[in-house]
Structure formats: C-alpha cells, structure tokens
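Tertiary structure, described
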Amino acid sequence: MKQIYYAYILECNNGTKYYGHTNNLVERIKDHTRGNVYSTRNNQPRLVYYEEFNLRSEAFKREMQFKNGKTRKKTIEKLIESFTK
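Residues numbered from 1 in each chain as written. Predicted model: local features only at pLDDT ≥ 70, side-chain atom pairs only at ≥ 80, totals over all residues. Heavy atoms only, no water.

Bringing the overall build of the chain into the picture now. Along the chain, the regular secondary structure elements total three helices and three strands. Secondary structure elements of the chain occur, N-terminal to C-terminal, as β-β-α-β-α-α. On C-alpha atoms alone, the chain measures out to a radius of gyration of 13 Å, which is about the 12 Å that the 2.2 N^0.38 rule sets for 85 residues. With the C-alpha coordinates aligned to their principal axes, the bounding extent of the chain is approximately 35 × 30 × 25 Å. Residues counted as buried form 38% of the 85 residues belonging to the chain. The contacts of the chain with a sequence gap of at least 6 include a subset with a gap of at least 24, amounting to 58%. As displayed, the chain offers around 5,900 Å² of accessible surface, 46% of which is attributable to carbon and sulfur atoms. (Helix = DSSP H or I, 4+ residues; strand = E, 2+ residues; numbered from the N terminus. Rg over C-alpha atoms; globule rule 2.2 N^0.38 Å. Buried < 20%, exposed > 50% of the residue type's maximum accessible area, 1.4 Å probe, protein only. Contact = heavy atoms within 4.5 Å. Areas by Shrake-Rupley, 256 points an atom, 1.4 Å probe, with all protein chains shown as cover.)

The structure is reproduced here in structure tokens:
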C-alpha cells in the first residue's frame, strides 16, 4: 500500500498559525485538538489547509516553505482562502 504524506496548516484561536507534516493527518489533527501537542495545546487549533505528497521529504520541504519568510503572509493566506471555498 502506498504511503501518503501531508503538509498542513492549522490556525489557532489566538491568530497564530502552526505548520507541520505527517503521514496520518486525521490522527495528527486529533493530537492537536486534544491538547497533546505543546505548541497548540492551549489555542484550539483548526485545520485550514493541507496538501498531499508521495514522499515524506516532499511534505517536509513544503512545511519548510510555509515557514520561510518569503512564502508566508500573502501566499499562505491565498492558499487558505482557496482551500476553504
């Protein structure tokens, strides 16, 4: 069975964003919403965007692009807007 990897963006109730990657998006989001992830445990995160990849290295690379100052602001907001429509 082929493994799928995900790069994702969460938005927290305090306005911050969290960027990550995983091979099990459903379980990872549950970890975040249950408070099992230190960075998001007090901020009620919600999934606002994700992309699928065939390789873990591709998902990690995309996560790093999310975190890069050149990619961030406008590009990420556009991604989120296109995802939620």
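This part takes up the nonpolar core. By size, the foremost hydrophobic cluster in this structure holds 12 residues: Y5, A7, I9, Y19, V48, Y49, F53, A59, F66, I76, L79 and I80. Contributions of two or more residues to this core are made by β1 (5-11), β3 (46-53), α2 (56-67) and α3 (73-84). (Core = buried A, V, L, I, M, F, W, Y, C linked by side-chain atoms within 4.5 Å.)

Let's shift gears to the side chain of H21. Counting through the fold element by element, H21 comes out in strand β2 (residues 17-22). With relative accessibility at 19%, the residue H21 sits in the buried group. Side-chain polar atoms of H21 contact the side chain of R56, separated by 3.4 Å. Polar side-chain contacts of H21 include one of 2.4 Å to the side chain of E63. Residue contacts for H21: discarding those within four places in its chain leaves Y6, A7, Y8, R56, A59, F60 and E63. (Polar contact = N/O pair within 3.5 Å; in protein donor to acceptor, adjacent residues only side chain to side chain.)

Moving on: the packing of aromatic side chains. Tallied over the full model, the rule gives six aromatic pairs. Ring plane angle 35° and centroid distance 6.2 Å describe the contact between Y8 and Y18, whose orientation is recorded as tilted. Here Y18 lies in strand β2 and Y8 lies in strand β1, a separation of 10 residues in the sequence. You'll find Y8 and Y18 in the same group, each marked buried. When the centroid spacing of 5.3 Å and the interplanar angle of 70° are considered together, the rings of Y49 and F83 count as edge-to-face. Taken together, the residues span a long stretch of sequence, with Y49 in strand β3 and F83 in helix α3 at a distance of 34 residues. (Phe/Tyr/Trp six-rings, centres within 6.5 Å; stacked < 30°, edge-to-face > 60°.)

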